[in-house]
2 protein chains.
Amino acid sequence: MKTLADIGEDELIHRLVAGLKLDRSVIIGPGDDCAVVKAPAKAGERLLLKTDTVVEGVHFTTETPPKLIGRKAMARVISDFAAMAGTPCHALVTLIAPPQTPVKRVLAVYAGLREMAEAHGVNIVGGETSRGEQLILTVSLTGTVGEKSWIARSTAKAGDLLLVTGQLGGSIKGKHLRFEPRVAEARWLTENLPVRAMMDLSDGLAKDLPRLADASGLGFELWAPDIPITPGCTLEQALGDGEDYELLLAVSPKMKASMMHQWHCFSPKVPLTVIGQLLPLDGKSTNKLKGGWEHFR
Amino acid sequence: MKTLADIGEDELIHRLVAGLKLDRSVIIGPGDDCAVVKAPAKAGERLLLKTDTVVEGVHFTTETPPKLIGRKAMARVISDFAAMAGTPCHALVTLIAPPQTPVKRVLAVYAGLREMAEAHGVNIVGGETSRGEQLILTVSLTGTVGEKSWIARSTAKAGDLLLVTGQLGGSIKGKHLRFEPRVAEARWLTENLPVRAMMDLSDGLAKDLPRLADASGLGFELWAPDIPITPGCTLEQALGDGEDYELLLAVSPKMKASMMHQWHCFSPKVPLTVIGQLLPLDGKSTNKLKGGWEHFR
């Protein structure tokens with residue numbers, strides 16, 4: 001089987017970029033020193049920037065089907081755009097791999113990247129390759145969001161309800177490779193509910209909820225019996241497993257209860273659940289939870 | 001000595017972003033799902049996008065002073081913006097490191113990153129961290145360039161003269177860690193000479209010149225005795241060592257010879273040398289050279 005060492009960098013890149021679909025926003029795609037793309041056309045529109053990485057032995061294993069590795073690398077970053085209520089647009093991909101990696105494996109990784117990118121209208125406009133000891137994919141993504149329509153983590157208020165999409169826990173059984181970034185869901189939610197803060201859950205509710213609360217200078221109360229748990233999982237797993245890639249929202253308590261029904265009509269397969277409330281940080285509430293994913297431990 | 005495993009990811013990120021200098025283009029910096037920045041204000045201005053990576057054992061060693069690792073990671077990407085005649089603006093930094101890495105080492109790497117970024121007006125607006133077997137830094141950079149002022153590799157014409165800044169070869173002795181990205185030089189050159197194509201030399205003239213010629217569908221003639229060689233190096237090293245981070249330009253033969261003198265006044269320490277010519281690809285000219293850096297061999 002041919003390896004990266006057999007074909008070399010130029011031939012590898014040639015194969016990786018062959019047939020890439022690029023829309024009219026791309027003036028110069030892969031192959032030059034930089035990509036050249038059109039800036040947002042609407043006055044006041046903002047740029048969103050995000051980078052993320054998946055590492056062999058951390059985010060996937062040597063046994064993971066390569067197409068799902070690429071899919072995951074792209075979907076993770078798109079999920080961050082969902083969390084800001086933005087639209088992803090242009091991606092740069094860095095591939096690090098041992099020279100003895102089969103070419104076929106790398107092409108399959110890219111097929112997964114490209115499918116996920118195309119499904120969300122993302123153009124892959126450039127990248128970089130290097131040898132290294134592990135397979136590592138880093139995806140950097142730029143996109144746009146309306147001047148006043150992006151949602152941060154830091155703008156929640158005391159009294160806001162905490163809502164979560166989907167079910168939590170047990171992602172390792174497969175969802176961590178096959179999740180759907182909640183881009184459309186985020187758009188509906190921010191257009192229909194008084195959403196004050198939002199993030200995506202990548203390291204587990206136990207790790208991520210305190211981050212959102214901290215960013216807004218608040219504590220919280222978690223209504224444990226209400227947490228939507230993936231069938232077969234424990235509460236501890238729902239809090240700590242991580243890689244749920246669901247949305248965590250802080251919504252004004254003035255939200256109409258009827259909107260929960262309308263959500264169900266919009267997205268019958270993805271539950272939306274109230275799981276707690278943000279509170280002033282005053283000794284009665286907490287801003288800490290045990291569990292969650294820790295990268296360096 | 002404290003390691004990344006001792007302090008954990010959140011504390012590490014807290015220390016890495018403390019005191020970051022951000023200008024008024026940054027609406028949301030590090031800490032949210034995405035960074036939010038202002039889009040270019042001028043109508044028609046283009047966005048430039050580029051990512052690049054430095055890997056332990058490939059682009060630096062375990063003995064390299066950590067500040068110079070960070071400096072190099074940022075300077076390499078800025079060099080690509082020079083090659084497009086653009087202005088870099090917002091950076092995302094991905095750090096991969098073994099858990100036993102001393103915190104002090106990572107902080108020094110970031111000090112080097114930040115110094116180089118600040119010297120070029122680049123805002124570090126976000127990033128990502130993960131554990132891995134080697135220290136790896138990936139920098140993604142966005143920036144701007146005027147609608148008609150960017151310079152590609154693919155727009156050279158037969159008869160264009162080939163020019164190069166600086167001296168080539170022997171970068172491993174230190175320049176690969178301490179080079180200055182040619183941003184100001186690129187601006188002067190594209191404003192004062194009829195530059196038709198440009199790139200930066202990262203893999204060696206022997207590898208990079210054929211890339212520029214190929215992109216423009218041309219061959220070339222290299223005037224070997226004229227190549228500016230770093231003192232103490234051979235011609236073979238000047239062609240093949242790589243990591244020169246100098247500019248290679250294709251300039252219309254109508255350029256005025258007097259401009260070489262004006263360049264000398266603008267930049268007395270950096271030579272500018274005519275080293276050959278682009279030619280139609282017709283059997284008399286070549287589009288291949290031996291040597292240069294190959295990532296997977």
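Quick caveat: nothing in here was measured; it's all calculated off a predicted structure.

*Asks:* What should I look at first to understand the overall build of chain A in this one?
*Replies:* Each helix and strand counted, chain A has eight helices and 11 strands in total. Taken over C-alpha atoms, the radius of gyration comes to 20 Å for chain A, in line with the 19 Å a tight globule of 297 residues would show. Each of the three principal axes of chain A carries a C-alpha extent, and together these read 65 × 45 × 35 Å. Here chain A holds 297 residues, and the buried ones make up 53% of them. Considering only contacts in chain A between residues 6 or more positions apart, those separated by 24 or more positions represent 88%.

*Asks:* In this structure, what is going on with the sheet that holds strand β2 (residues 35-38) of chain B? I would like to understand it.
*Replies:* Across a sheet, strands are paired by hydrogen bonds formed along the backbone, either parallel or antiparallel in direction. Across the sheet, which stays open at both edges, the six strands sit in the order β5(A)-β4(A)-β6(A)-β3(A)-β2(B)-β1(B) with mixed pairing between neighbours. Of all strands in the sheet, those with a lone pairing partner are β5 (123-131) of chain A together with β1 (26-28) of chain B, marking the two edges. Neighbour-to-neighbour, the strand axes of the sheet open up by a mean angle of 20 degrees, direction not taken into account. Against the sheet, helix α2 (residues 66-83) of chain A makes contact with β3 (46-55), β4 (87-97) and β6 (136-145) of chain A, and its axis sits at roughly 145 degrees relative to β3 of chain A, the strand it touches most.

*Asks:* Looking at this model, I keep getting lost on the relation of the copies chain A and chain B. Mind explaining?
*Replies:* Here the second copy of the chain follows from the first by a rotation about an axis and a shift along it. It takes a turn of 180 degrees to lay chain A on chain B, together with a shift of 0.0 Å along the axis; the resulting RMSD is 0.0 Å. Between the two chains, the operation in question is that of a two-fold axis. In this assembly, 100% of the residues forming the interface of chain A have copies in chain B that are likewise at the interface, indicating an isologous arrangement.

*Asks:* How should the pairing of β3 of chain A be read in this particular structure?
*Replies:* For a regular strand, side chains alternate in direction, first toward one face of the sheet and then toward the other. Of all 10 residues in β3 of chain A, 10 are buried, a share of seventy percent or more. Here 10 bridges tie β3 of chain A to β6 of chain A, and the two strands are oriented antiparallel to one another. Within β6 of chain A, the residue paired with Leu49 of chain A across the bridge is Thr142 of chain A. Sheet topology places β3 of chain A next to β2 of chain B; four bridges connect them, and they run antiparallel. Considered in β2 of chain B, the bridge of Leu48 of chain A is made with Val36 of chain B.

*Asks:* Mind showing me how you'd approach the packing of helix α1 (residues 4-17) of chain A against helix α3 (residues 103-119) of chain A here?
*Replies:* Geometrically, a packed helix pair is captured by the angle between its two axes and the distance between the axes. Residues and elements named next belong to chain A. At a minimum axis separation of 11 Å, α1 and α3 run at an interaxial angle of 25 degrees. Considering their axes alone, α1 and α3 lie roughly parallel with respect to each other. Crossing of α1 against α3: the hand is right-handed. Residue-level inspection shows Leu4, Ile7, Leu12, Arg15 and Leu16 of α1 in contact with α3, the latter providing Val103, Val106, Leu107 and Tyr110. Residues of the contact of α1 with α3, tallied by class, amount to eight nonpolar, no polar and one charged.

*Asks:* Even after reading the chapter, I still don't get the sheet that holds strand β2 (residues 35-38) of chain A, so can you show me in this structure?
*Replies:* If you trace the six strands from one edge of the open sheet to the other, you get β1(A)-β2(A)-β3(B)-β6(B)-β4(B)-β5(B), paired in mixed fashion. Each having just a single partner strand, β1 (26-28) of chain A together with β5 (123-131) of chain B make up the two edges of the open sheet. Between one strand and the next, the sheet's axes are offset by a mean angle of 20 degrees, whatever the strand orientation. Lying over the sheet, helix α3 (residues 103-119) of chain B contacts β4 (87-97), β5 and β6 (136-145) of chain B, oriented at roughly 170 degrees with respect to β4 of chain B.

*Asks:* Help me understand the confidence of the model for chain A, please; the structure alone is not making it clear to me.
*Replies:* Note that predicted coordinates carrying low pLDDT should not be read in detail. Averaged over all residues, the pLDDT of chain A is 94; the fraction at 70 or higher stands at 97%. Interface scoring of the predicted complex returns ipTM 0.94; its pTM is 0.94.

*Asks:* What exactly am I supposed to notice about the environment of Leu135 of chain B here?
*Replies:* All names here are of chain B. As for its position among the elements, Leu135 is in the loop between β5 and β6. Its 22 C-beta neighbours within 10 Å are what place Leu135 among the buried residues. It is 38 Å that separates the C-alpha atoms of Leu135 and Gly217, two residues lying 82 residues apart in sequence.

*Asks:* What's the story with the interface of chain A and chain B in this structure? I'm lost.
*Replies:* Accessible area lost upon the coming together of the parts is a frequently used measure of interface size. At the interface, 62 residues of chain A touch 62 residues of chain B. It is β3 of chain A that provides the largest number of residues to the side of chain A that touches chain B, a total of nine residues. Tallied by class, residues from the side of chain A that touches chain B come to 29 nonpolar, 17 polar and 16 charged.

*Asks:* Just checking my understanding: could you explain the domain arrangement of chain A for this structure?
*Replies:* Domain annotation of chain A identifies domain 1 (4-145) and domain 2 (161-279). Taken together, the residues of the side of domain 1 of chain A that touches domain 2 of chain A sort by class into seven nonpolar, three polar and three charged.

*Asks:* Teacher, can you tell me more about unusual backbone geometry here?
*Replies:* Residues and elements named next belong to chain A. In this model, Glu243 sits at a positive phi of 60 degrees, which is unusual for a non-glycine residue. Tracing the chain through its elements places Glu243 in the loop between α7 (235-240) and β10 (247-251). Its identity is not glycine, yet Tyr245 carries a phi of approximately 55 degrees, on the positive side. On the basis of neighbour count, Tyr245 is assigned to the buried category, with 25 C-beta atoms found within 10 Å.

*Asks:* Even after reading the chapter, I still don't get the nonpolar core, so can you show me in this structure?
*Replies:* When a protein is soluble and globular, its nonpolar side chains tend to lie buried together. Of all hydrophobic cores here, the largest spans 172 residues; its most connected members are Met198 and Leu248 of chain A together with Met198 and Leu248 of chain B. Sequence-distant contacts of Met198 of chain B, defined by excluding residues within four places in its chain, comprise Ala83, Ala85, Ile151, Ala186, Leu247, Leu248 and Leu249 of chain B.

*Asks:* It is not clear to me how α2 of chain A should be interpreted in this structure. Could you clarify?
*Replies:* Helical geometry: 3.6 residues make up each α-helical turn, so side chains three or four residues apart lie on a common side. All names here are of chain A. Along its 18 residues, α2 runs 26 Å from first to last C-alpha, staying within 8% of the 26 Å computed at 1.5 Å per residue. Within α2, 17 of the 18 residues are buried, leaving the element largely enclosed by the surrounding structure. Positioned one or two residues after α2, Ala85 has a phi angle of 65 degrees, which is positive.

*Asks:* Hey, could you run me through the environment of Met259 of chain B in this one?
*Replies:* All names here are of chain B. The residue Met259 is located in helix α8 (residues 258-266) in this model. C-alpha separation for the pair Met259 and Asn192, spaced 67 residues apart in sequence, amounts to 7.7 Å. Discounting chain neighbours no more than four positions away, the residues touching Met259 are Asn192 and Leu193.

*Asks:* What's the story with the environment of Ser202 of chain A in this structure? I'm lost.
*Replies:* Residues and elements named next belong to chain A. Mapped onto the elements, Ser202 comes out in the loop between β8 (195-200) and α6 (205-215). It is 9.5 Å that separates the C-alpha atoms of Ser202 and Leu247, two residues lying 45 residues apart in sequence. Ignoring sequence-local partners within four residues, the contact set of Ser202 consists of Asp208, Gly242, Glu243 and Tyr245.

*Asks:* I keep staring at helix α6 (residues 205-215) of chain B and nothing clicks. Help me out?
*Replies:* Residues and elements named next belong to chain B. If you check which residues of α6 are buried, you get Leu205, Ala206, Lys207, Asp208, Leu209, Leu212 and Ala213. Next to the buried residues of α6 lie β8 (195-200), β9 (219-222), α7 (235-240), β10 (247-251) and β11 (272-279). Positive backbone phi, at 65 degrees, marks Gly217, one or two positions downstream of α6.

Parameters and conventions
Residues numbered from 1 in each chain as written. Chains lettered and ligands numbered in written order. Predicted model: local features only at pLDDT ≥ 70, side-chain atom pairs only at ≥ 80, totals over all residues. Helix = DSSP H or I, 4+ residues; strand = E, 2+ residues; numbered from the N terminus. Rg over C-alpha atoms; globule rule 2.2 N^0.38 Å. Buried ≥ 20, exposed ≤ 12 C-beta atoms within 10 Å, placed from the backbone. Contact = placed C-beta atoms within 7 Å. Pairing = 2+ DSSP bridges. Axes fitted to C-alpha atoms, helices over the stretch in contact; angles between N-to-C directions. Least-squares fit on C-alpha atoms with pLDDT ≥ 70 in both. Parallel < 35°, antiparallel > 145°, perpendicular 65-115°, else oblique. Left-handed = near helix turned anticlockwise from the far one by under 90°. Nonpolar A, V, L, I, M, F, W, Y, C, P; charged D, E, K, R; others polar. pLDDT = per-residue confidence, 0-100. Domains from an automatic or database assignment. Core = buried A, V, L, I, M, F, W, Y, C linked by C-beta atoms within 7 Å. Expected span 1.5 Å × (residues − 1).

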